[in-house]
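# Secondary and tertiary structure notes
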Amino acid sequence: MNKKRIAIIGAGPSGLAQLRAFEALQNEGEEIPEIVCFEKQNNWGGMWNYSWRTGVGKYGEPIHGSMYKYLWSNGPKECLEFSDYSFDEHFKKPISSYPPRPVLFDYIQGRIKKSKARDYIRFNTTARWVSFDDRTEKFTLVLDDLKIDKTYSEEFDYLIVASGHFSTPNMPYFKGIENFPGTVMHAHDFRGADQFKGQNLLLIGSSYSAEDIGVQCHKHGAESVTLSYRSSPIGVQWPEGIKEVPLLTHFEGNTAFFKDGTSEEFDAVIMCTGYQHKFPFLPDELRLKTKNNLYPDNLYKGIFFNRLPQLIYLGMQDQYYTFNMFDAQAWVARDYMMDRLKLPKEDERRIDINNWLEKNDALKTSFDHVDFQSDYIKDLLLLSDYPDFNVDKVAEMFKSWLNDKDENILTYRDKTYQSVVTGTMAAEHHTEWMDELDDSKERYLYEPEEEEMIPERI
Ligand code: FAD
Ligand code: NAP
Ligand code: MG
C-alpha cells in the first residue's frame, strides 16, 4: 500500500512539534505516514538556533535567525512549557522562570533528541517552490540541497508550512536616513548590545523588540536609549537613560526630528519595526497573506488553509503562547492527516473563521489579547489528545507578567512562577538579571556555594 507523504517546511519549534505529534502516535503502536522535514539551516531549533551571521549564510540563503546574544525569555517559561515534557523532566531540578536562549534551546532539543526525529529531517535543504495539482491532489516541492548544490523535486499529499514569520524585516523609510552617518540596522540583524556601549541610540517601534533591545542596550552600557512610537508608547516606567518619544519624521545628518517638534542627535538607529510574513516558495494562490496578528484570516482553527486544508500553517499567529500553542496546533493537524479528525465543509469553516475574526476585532487591552489566545488554545485542546493543561492559570500568569513589566521593566525577569504541568515553583536565579552579563547554559545552571553568593546590587 502506498503510504501518504507529508512534507514539513522548517524544523523550528513548530516543525518539531509536528514531528513530536506523530512520534507520540508511533509510541502507541500506530503506523504513521512518511514524513520529510526540510530545514535550510544545518541544525534544528529555528529562531532558537543562534546565528552569529547576518545577511546571508554559508550557501547564500537569507539568514533566518533574529535572536541575539544576551537574549533571555521575555515571558515566564511556565507559559510555554510543553505539557508532555516538563522543565523538571529535562533539567532534573527547579530553574528560574526566565531562562536565557541557550537554556531554552537545550529544553527544546531535549524532548526531540530521544526520538528518531532527526532521521526525518533533511538539513541544509531549502524549499524553493511549491505547486499543487488539482487533479492528482498532490503537492510538488522543488528543493535545493545546498551542500551539494543540487535541485530536485518530490511529491507529497500534505504540506505543513512551519517556516516562521519573524525573519523577514519590515523596514520603513524615513526621509534623510540615507545620509545618517552612523549604523542603521533592523532588529533582525542585531546580534548583541556590545557595539553600542557609550552610544546614544534611537530605536523605532513600540513592541517586544523595541522594548527588549532597548533594555539590553541600557543594561550593557549604552549612554541613552530613545524609543520612537507610531501608534502608542510602550508606556512602562522607564529607568533613567531610556525614554519614549512620538514618531520620527526625518533625519538631517545625525539629527532626528520627531512629530512633537523636538529633535536630538544619535549615534545609531535600530528599526524595531516588526517582520513580514514571507513565503517566497509559495505561489500566490497558496500563500498566507497577513499582518502580524492573533488570528490571521483564511486559516480554519488557525492552521488549515481554508481553500485547501491539505495545506497547513503552524505558528503563524502573533504569539503570547508559543511552544505549547504550536504543540496544540500540531496535534490537531496530525489527527486530520491521520483521518481521525473530520473537518466541516468550506463554508462552515468560513463561518467559524469569521467568528474568531469578529472577536479579534473587538479586543482592546493586552489582557483581552491574552484571553483571546487562551480561548483559542482551549478550542484546540478540545480537538486532540494533546495533554490538557490549565490554560486559565497560564492566562493569569501572562497577566501578572504584564503587570510585573509595568512595575519594573528591569526586574520583571527576577520573578518566579509555578508550573501548571508539575506544580513546581520556579527557583530564584543565583544572580539578579540586571547583574547577570553571562547568558551561557553553564553559568545559568551553576550552583554557587552559599558564601560565594554574589552581593546584592547597590
Ligand atoms: P522559527 O523558529 O522561525 O523556525 C522556522 C524554521 O523554518 C527555521 O529553522 C528556518 O530556517 C526554516 N525555514 C524557513 N524557510 C525555509 C525554507 N524555504 N526551506 C527550509 N527551511 C526553511 N518566543 C518565546 O516563547 N519566548 C521568547 O523569549 C521569544 N523570543 C523571541 C525573540 C526574537 C528576537 C524573535 C524574533 C522571536 C522570539 N520568540 C520568542 C518567538 C519565536 O518566534 C518562537 O518561540 C518560535 O521560534 C517560533 O517557531 P517556528 O518554528 O514557528 O518558527
Ligand atoms: P511586532 O510585535 O510585530 O511589532 C512591530 C512594531 O513595529 C510595532 O510597534 C509597530 O508599531 C512598529 N512599526 C511597524 N511599522 C512601523 C513604521 N513604519 N513606523 C514606526 N513603527 C512601525 O514585532 P517585534 O517587536 O519585532 O516582535 C516580534 C517577535 O519577537 C515577538 O514575538 C516577540 O515576543 C519576539 N521578541 C522577543 C524578545 C525576547 O526578549 N525574548 C525580544 C525581541 C522580540 P504599531 O504599533 O504602530 O503598528
Ligand atoms: Mg484534548
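Residues numbered from 1 in each chain as written. Chains lettered and ligands numbered in written order. Predicted model: local features only at pLDDT ≥ 70, side-chain atom pairs only at ≥ 80, totals over all residues. Heavy atoms only, no water.

The protein chain appears in an unreviewed UniProt entry as Trimethylamine monooxygenase from Aequorivita vitellina. In its Sequence similarities (unreviewed entry) section, the UniProt entry covering the protein chain states "Belongs to the FMO family." According to its UniProt record, the protein chain has this under Cofactor (unreviewed entry): "FAD". (UniProt positions renumbered as here; feature names shortened; annotations may be inferred.)

Our focus in this paragraph is the overall build of the protein chain. Helices and strands together make up the secondary structure of the protein chain, namely 10 helices and 20 strands. Relative to its length of 458 residues, the protein chain is compact, with a C-alpha radius of gyration of 23 Å against a globular reference of 23 Å. Counting only C-alpha atoms and orienting by the principal axes, one finds that the protein chain spans roughly 70 × 55 × 50 Å. When each of the 458 residues of the protein chain is scored for burial, the buried share is 56%. A separation threshold of at least 6 residues defines the contact pool for the protein chain, and within that pool the share at least 24 residues apart is 67%. (Helix = DSSP H or I, 4+ residues; strand = E, 2+ residues; numbered from the N terminus. Rg over C-alpha atoms; globule rule 2.2 N^0.38 Å. Buried < 20%, exposed > 50% of the residue type's maximum accessible area, 1.4 Å probe, protein only. Contact = heavy atoms within 4.5 Å.)

Right, let's talk about the sheet that holds strand 4 (residues 125-133) for a bit. Spatially, the 3 strands line up as an open sheet ordered 4-5-6, and their pairing is antiparallel. At either end of the open sheet lies a strand with only one pairing partner, and these are strand 4 and strand 6 (150-156). The sheet shows a mean angle of 20° between the axes of neighbouring strands, direction not considered. Note: strand 4 against strand 5 (residues 138-145), 8 bridges, orientation antiparallel. Counterpart to D133 in the pairing with strand 5 is K138. (Pairing = 2+ DSSP bridges. Axes fitted to C-alpha atoms, helices over the stretch in contact; angles between N-to-C directions.)

Residues in close proximity to ligand 1 total 31 residues, the closest being S14, E39, M47, H64 and T322. T322 places a polar side-chain atom, nitrogen or oxygen, 2.6 Å from an oxygen atom of ligand 1. Contact with the protein chains removes 92% of the 980 Å² of surface that ligand 1 exposes when unbound. For the shell around ligand 1, the secondary structure elements donating two or more residues are helix 1 (13-27), strand 4 and helix 6 (323-337). In terms of residue count, the dominant contributor to the shell around ligand 1 is strand 4 (3 residues). Its residues assigned to classes, the shell around ligand 1 comprises 14 nonpolar, 15 polar and 2 charged. (Near = heavy atom within 4 Å. Polar contact = N/O pair within 3.5 Å; in protein donor to acceptor, adjacent residues only side chain to side chain. Areas by Shrake-Rupley, 256 points an atom, 1.4 Å probe, with all protein chains shown as cover. Nonpolar A, V, L, I, M, F, W, Y, C, P; charged D, E, K, R; others polar.)

Time to look at the pairing of strand 5. Adjacent in sequence and paired antiparallel, strand 4 and strand 5 are bridged by 4 residues, among which E137 carries a positive phi angle near 55°. Inspection of the sheet shows strand 5 paired to strand 6 by 7 bridges, in the antiparallel sense. Bridge pairing links L143 to Y152 in strand 6. Here strand 5 folds back onto strand 6, and the loop between the two strands holds 4 residues, one of which, D149, carries a positive phi near 55°.

Before going further, it helps to examine the site of ligand 2. The local shell around ligand 2 holds 24 residues, among which S206, S207, S209, R230 and S231 are the closest. Side-chain polar atom of N170 to a nitrogen atom of ligand 2: 3.2 Å apart, as the coordinates give it. Take S206: an N or O atom from its main chain is 2.9 Å from an oxygen atom of ligand 2. When residues of the shell around ligand 2 are assigned to their parent elements, the largest contribution, 3 residues, is made by helix 5 (residues 208-219). When grouped by side-chain class, the residues that make up the shell around ligand 2 number 11 nonpolar, 10 polar and 3 charged.

This next bit is on the pattern of salt bridges. Enumeration over the complete set of coordinates arrives at 32 salt bridges. In this structure, K289 and D284 form a salt bridge, with 2.4 Å as the shortest nitrogen-oxygen distance. Using a relative accessible area of 44% as the deciding quantity, one classes D284 as partly exposed. We note a salt bridge from R340 to D335, for which the minimum N-O separation is 3.6 Å. Here R340 falls in the partly exposed class, since its relative accessible area comes to 39%. Through salt bridges with shared partners, one network takes in R20, E23, D84, R111 and D327. (Salt bridge = Lys/Arg side-chain N within 4 Å of Asp/Glu carboxyl O.)

The subject of this paragraph is the sheet that holds strand 12 (residues 242-245). The strand order across the open sheet formed by 5 strands is 9-16-10-11-12, and the pairing between neighbours is parallel. In the strand order of this sheet, the two ends are held by strand 9 (183-186) and strand 12, each with one partner. Recorded for the sheet is a direction-independent mean angle of 20° between the axes of neighbouring strands. Relative to strand 16 (residues 268-271), strand 10 (residues 200-204) is paired through 4 bridges, and the arrangement is parallel. Counted as the bridge partner of L202 is V269 from strand 16.

Topologically, K364 is positioned in the loop between helix 7 (346-361) and helix 8 (366-383). Its relative accessible area of 72% is what places K364 among the exposed residues. Taking the C-alpha atoms as reference points, K364 and V130, 234 residues apart in sequence, are found 38 Å from one another.

The next subject is empty space enclosed by the protein. The tally for this structure, following the rule as stated, stands at 2 cavities of 30 Å³ or more. As a volume, the largest cavity reaches approximately 80 Å³. Lining the largest cavity are 14 residues, and of these K77, E78, F87, D88 and T424 lie nearest its centre. Per-class residue counts for the lining of the largest cavity are 6 nonpolar, 3 polar and 5 charged. Forming the walls of the second largest cavity are P13, L16, F82, I108, R111 and I112. Counting residues per element, the ones that place at least two in the lining of the second largest cavity are helix 1 and helix 3 (101-113). (1 Å grid on protein atoms, 1.4 Å probe; cavity = no way out; pocket = protein on both sides within 12 Å on 5 of 7 lines; lining within 4 Å. Points joined across faces, edges and corners; volume = space filled by probe spheres on them.)

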